[in-house]
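Here's the letter readout for the chains.
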Amino acid sequence: MMKASDIMTQEVATIRSWATVAEAVKLMQQQGWRALIVDRCHDQDAYGILTETDIVYKVIALGRDPNRVRVFEIMTKPCITVNPDLGIDYVARLFAEHHLVRAPVIQGQLLGIISLTDILYCHTFIEQPQTLVWEQTIQAAIDRAQAICATTGATSPACLAAWTEVEALQSEAAHQQAKKLPKTAFEEFCEEFPEAMQARMLDNLCSG
């Protein structure tokens, strides 16, 4: 059985908790990373994680200045970690249970990072668990999007960003499974809240 250490990415970036979000974004852009591991303050401290989702939801969507927000204000700490000897199927269950997209691989020290994509691209992983992981991950993202929209409103930037994440997952799942996606979860959401589609179209026009 393949283990987490067999498919993890060993090249992983760390950042200090007191760095600014602007510095974190610059590092992510330079290296093409979608998450940074927040380094420990001392040997007995826990690792944290900062993802692009954290930055979009907790900084950009709220109109906060990334030069004035520190990493420790929006990171997840302690974060769920993966043992390098854990089997891939168990890693998949861990991701599904906790709605994870990525997690650091740690055994005494930071060894790497493993993502949902790493699991799905593992060719020895049988088809049913892949499908199950996709379904559970997408449903978790849909649940998060609905919760965010219920709190912030159907036309809020946070709501639209949440549905963009859902659509990205649905598109990737459809591509991996060679299936055509008849309707996205966002389109279904817009059947009940048509103003959300109007808000996205306006946002795209402004962005363009």
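All values derive from a computational prediction rather than experimental measurement.

Draft legend 1. Region of interest: the nonpolar core. Core analysis: the largest hydrophobic core is formed by 42 residues, its most contacted members being Val82, Phe95, Ile114, Ile119, Trp163 and Phe189. Breaking this core down by element, the ones donating at least two residues are helix H1 (4-7), helix H5 (88-98), strand S4 (102-107), helix H6 (116-120), helix H7 (127-152), helix H8 (157-176), helix H9 (185-192) and helix H10 (194-207). Counting residues in each nonpolar core, the second largest holds 15 residues, with Ile15, Val38, Val69 and Met75 among its members.

Draft legend 2. Seen up close, the packing of aromatic side chains. Taken as a whole, this structure holds three aromatic pairs when the rule is applied. Relative to Phe186, the ring of Trp163 lies with its centre 6.3 Å away and its plane at 50°, an arrangement referred to as tilted. On the criterion of sequence distance, the pair formed by Trp163 in helix H8 and Phe186 in helix H9 is long-range, its members being 23 residues apart. Using a relative accessible area of 1% as the deciding quantity, one classes Trp163 as buried. Within the aromatic cluster, the residues linked to one another by ring pairs are Trp163, Phe186, Phe189 and Phe193. The side chain of Arg93 reaches across the aromatic face of Tyr90, ending 4.9 Å from its centre. In this structure, Arg200 is placed above the aromatic ring of Phe186, and the distance from its NZ or CZ to the ring centre is 3.9 Å.

Draft legend 3. Spotlight on the sheet that holds strand S1 (residues 14-15). With respect to topology, three strands assemble into an open sheet ordered S1-S2-S3, the strand pairing being mixed. Two strands in the sheet have a free side with no partner beyond their single neighbour: S1 and strand S3 (48-51). Across four bridges, strand S2 (residues 35-38) lies against S3 in antiparallel orientation. Looking at the pairing, Ile37 lines up with Ile49 of S3. Packing against the sheet, helix H2 (residues 21-31) makes contact with S1, S2 and S3, and its axis sits at approximately 125° to S2.

Draft legend 4. Examining the packing of H8 against H9 more closely. One way to put it is that H8 packs onto H9 with a least axis distance of 8 Å and a crossing angle of 140°. Between H8 and H9, the angle is such that the two are oblique. Contact residues: H8 offers Cys159, Leu160, Trp163, Val166, Glu167 and Gln170, while H9 offers Ala185, Phe186 and Phe189.

Draft legend 5. Here's a closer look at the state of the cysteines. Under the counting rule described, the total for this entry stands at one disulfide. The disulfide partner of Cys149 is Cys159, and the gap between their sulfur atoms is 1.9 Å. Of note, the bridge from Cys149 to Cys159 carries an S-S torsion of about 90° and is right-handed in sense. In this pair, Cys149 is assigned in helix H7 and Cys159 in helix H8, connecting sequence segments ten residues apart.

Draft legend 6. Representation of the confidence of the model for the protein chain within the structure. When the pLDDT values of the protein chain are averaged, the result is 86; 92% of them are 70 or greater. No element of the protein chain has a lower mean pLDDT than H10, at 76, and none a higher one than helix H4 (residues 71-74), at 95.

Draft legend 7. Geometry of the packing of helix H3 (residues 52-60) against H8. At a minimum axis separation of 9 Å, H3 and H8 run at an interaxial angle of 160°. By the angle class used here, H3 and H8 are roughly antiparallel. Classified by chirality, the crossing of H8 by H3 is left-handed. Side by side, H3 and H8 meet where Thr53, Val56 and Tyr57 of the first sit next to Ala158, Ala161, Ala162 and Glu165 of the second. When the residues that make up the contact of H3 with H8 are grouped by side-chain class, the tally is five nonpolar, one polar and one charged.

About the cut-offs
Per chain, residues are indexed from 1 in the order of the written sequence. For a predicted model such as this one, the threshold for reporting local features is a pLDDT of at least 70, and the threshold for listing and counting side-chain atom pairs is 80 or more; totals across whole chains, interfaces and linings nevertheless cover every residue. To obtain the side-chain values, all non-hydrogen atoms of the structure were used and water was disregarded. The term nonpolar core refers to a set of buried residues drawn from Ala, Val, Leu, Ile, Met, Phe, Trp, Tyr and Cys, joined through side-chain atoms within 4.5 Å. Burial classes follow relative accessibility: with a 1.4 Å probe on protein chains only, a residue under 20% of its type's maximum area counts as buried, one over 50% as exposed, and anything between as partly exposed. Secondary structure elements follow DSSP: runs of H or I of four or more residues count as helices, runs of E of two or more count as strands, with numbering from the N terminus. Stacked, edge-to-face and tilted are the three classes for Phe, Tyr and Trp ring pairs, Trp counted by its six-membered ring, which pair at centre distances within 6.5 Å; planes under 30 degrees apart are stacked, over 60 edge-to-face, the rest tilted. Charge-over-ring placement is defined geometrically: NZ (Lys) or CZ (Arg) within 6 Å of the ring centre, and within 35 degrees of the ring normal. Strands are labelled as partners when DSSP assigns at least two bridges between them. Working rule for contacts: check all heavy atoms of both residues, and any pair within 4.5 Å makes them a contact. Note on geometry: axes are lines fitted to C-alpha atoms, helical ones only across the stretch in contact, with angles between N-to-C directions running from 0 to 180 degrees. We call two directions roughly parallel when the angle between them is under 35 degrees, roughly antiparallel when it is over 145, roughly perpendicular when it lies between 65 and 115, and oblique otherwise. By definition, disulfides here are pairs of cysteine sulfur atoms that lie within 2.5 Å. In predicted models, pLDDT denotes the confidence assigned by the predictor to each residue on a 0 to 100 scale. Note: crossing handedness is left-handed where the near helix turns anticlockwise from the far helix by less than a right angle, and right-handed where it turns clockwise. Charged means Asp, Glu, Lys or Arg here, nonpolar means Ala, Val, Leu, Ile, Met, Phe, Trp, Tyr, Cys or Pro, and polar covers whatever is left, Gly included.

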